[in-house]
Amino acid sequence: GEDVEQSLFLSVREGDSSVINCTYTDSSSTYLYWYKQEPGAGLQLLTYIFSNMDMKQDQRLTVLLNKKDKHLSLRIADTQTGDSAIYFCAEAAGSQGNLIFGKGTKLSVKP
Amino acid sequence: DTEVTQTPKHLVMGMTNKKSLKCEQHMGHRAMYWYKQKAKKPPELMFVYSYEKLSINESVPSRFSPECPNSSLLNLHLHALQPEDSALYLCASSQGLNINEKLFFGSGTQLSVL
């Protein structure tokens, strides 16, 4: 079945870049997603990438996709304290719009 | 309007209570979802509705009963829950059920079962 793996924790200093990594197993996934969850809140869709792309940039966010290695990364430039949250990588599961989430990476930003 | 609204934000209930969680969206989305998220875990799918019909039930116990009265509303009726059902319940919606659909989530209902 599908599986999505992420490292659990990342700590960076304010102003540095953050890189959150994810690996997935379903090679038929057409879209891969990054969601952000702040404490006690729902999930906010940050960005997504289509599987025929290698890179997508959206302001401070850069998504890199290595389809051969099934590796996805999210780079946050100039990380701010407001970026502290849990970041979930997700891939579409099957054909009915469901998502399979990784366990989430907790990003801590130190001033 | 890209919002999915969930009420209540917090709910405490006893094991003999009956309560309902509500979810509303006005984006014209035709697919709606219930996810359950335990602390420090990723969300797990419970139910999917498409065009107001139940499309997926991920072997959820019958003490959870979903209902989709119309295309904008999704309810989750709760009865005789157990303490281990305490979790954040997230509602989501998407345009349809295609594999490339983006899901938009509500803020969730934090449920505590005593």
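Going by the structure above, here's the rest.
Definitions and cut-offs
- Residues numbered from 1 in each chain as written.
- Chains lettered and ligands numbered in written order.
- Predicted model: local features only at pLDDT ≥ 70, side-chain atom pairs only at ≥ 80, totals over all residues.
- Heavy atoms only, no water.
- Phe/Tyr/Trp six-rings, centres within 6.5 Å; stacked < 30°, edge-to-face > 60°.
- Helix = DSSP H or I, 4+ residues; strand = E, 2+ residues; numbered from the N terminus.
- Buried < 20%, exposed > 50% of the residue type's maximum accessible area, 1.4 Å probe, protein only.
- Lys NZ or Arg CZ within 6 Å of the ring centre and 35° of its normal.
- Pairing = 2+ DSSP bridges.
- Axes fitted to C-alpha atoms, helices over the stretch in contact; angles between N-to-C directions.
- Disulfide = S-S within 2.5 Å.

**Student:** Could you clarify how one ought to interpret the packing of aromatic side chains in this entry?
**Tutor:** By convention here, two paired aromatic rings are described through the distance between centres and the angle between planes. Enumeration according to the criterion identifies 13 aromatic pairs over all chains in this entry. Here Tyr35(A) and Phe105(B) contribute two aromatic rings whose centre-to-centre distance is 5.4 Å and whose plane-to-plane angle is 85°, an arrangement assigned as edge-to-face. Placement of the pair is Tyr35(A) in strand β4 (residues 31–37) and Phe105(B) in strand β10 (residues 104–105), with the two residues belonging to separate chains. Given the relative accessible area of 10%, Phe105(B) is considered buried. Taken together, the aromatic side chains of Tyr31(A), Tyr33(A), Tyr35(A), Tyr48(A), Phe50(A), Phe88(A), Phe101(A), Tyr33(B), Tyr35(B) and Phe105(B) make up a single cluster linked through ring pairs. Sitting above the plane of the Tyr48(A) ring, Lys56(A) keeps its charged end 3.7 Å from the centroid.

**Student:** I'm lost on the sheet that holds strand β1 (residues 4–7) of chain B in this one. Help?
**Tutor:** In a beta sheet, neighbouring strands pair by backbone hydrogen bonds and run either parallel or antiparallel. All names here are of chain B. Across the sheet, 4 strands lie side by side as β1-β3-β8-β7; this open sheet has antiparallel pairing. The open sheet terminates on both sides in strands that have one partner only, identified here as β1 and β7 (64–70). Strand-to-strand twist across the sheet, computed as the mean angle between neighbouring axes with direction ignored, equals 20°. Taken together, the 5 bridges between β7 and strand β8 (residues 73–79) define a ladder with antiparallel strand orientation. Bridge assignment links Pro66 to a residue of β8, and that residue is Leu76.

**Student:** Looking at this structure, how should I read the state of the cysteines?
**Tutor:** Between two cysteines, a covalent bond joining their sulfur atoms is known as a disulfide. Throughout the structure, instances matching the rule amount to 2 disulfides over all chains. Shown here is the disulfide that connects Cys22(A) with Cys89(A), its sulfur atoms set 2.0 Å apart. Its S-S torsion of about -60° marks the bond between Cys22(A) and Cys89(A) as left-handed, since a negative value means left-handed. Residue Cys22(A) is found in strand β3 (residues 18–24), and its partner Cys89(A) is found in strand β9 (residues 85–93); the two are separated by 67 residues along the sequence. On the accessibility criterion, Cys22(A) (1% relative accessible area) is buried. Overall, Cys89(A) belongs to the buried group, its relative accessible area being 0%. A sulfur-sulfur separation of 1.9 Å characterises the disulfide bridge that pairs Cys23(B) with Cys91(B). What sets the handedness of the Cys23(B) and Cys91(B) disulfide is the S-S torsion sign, and at about -70° it is left-handed. Of the two residues, Cys23(B) sits in strand β3 (residues 18–25) while Cys91(B) sits in strand β9 (residues 87–94), which places them 68 residues apart along the sequence. Neither residue differs from the other here; Cys23(B) and Cys91(B) are each classed as buried. For Cys68(B), which is in no disulfide, the shortest distance to another cysteine sulfur is to Cys91(B) and amounts to 9.2 Å. The buried category is assigned to Cys68(B), whose relative accessible area is 13%.

**Student:** What am I meant to see in unusual backbone geometry here?
**Tutor:** Glycine aside, residues mostly have negative phi angles, and peptide bonds mostly take the trans form. Put simply, Thr7(B) and Pro8(B) share a cis peptide bond, and its omega is -10°. In this fold, Pro8(B) is placed in the loop between β1 and β2 (10–13). We note that Asp78(A) has phi near 50°; this positive angle belongs to a residue other than glycine. Summarising the element assignment, Asp78(A) is placed in the loop between β8 (71–76) and β9. The class of Asp78(A) is partly exposed, set by a relative accessible area of 40%. You will see that Ala80(B), though not glycine, has its phi angle at about 55°, which is positive. Mapped onto the fold, Ala80(B) is located in the loop between β8 and β9. Here Ala80(B) falls in the partly exposed class, since its relative accessible area comes to 30%.

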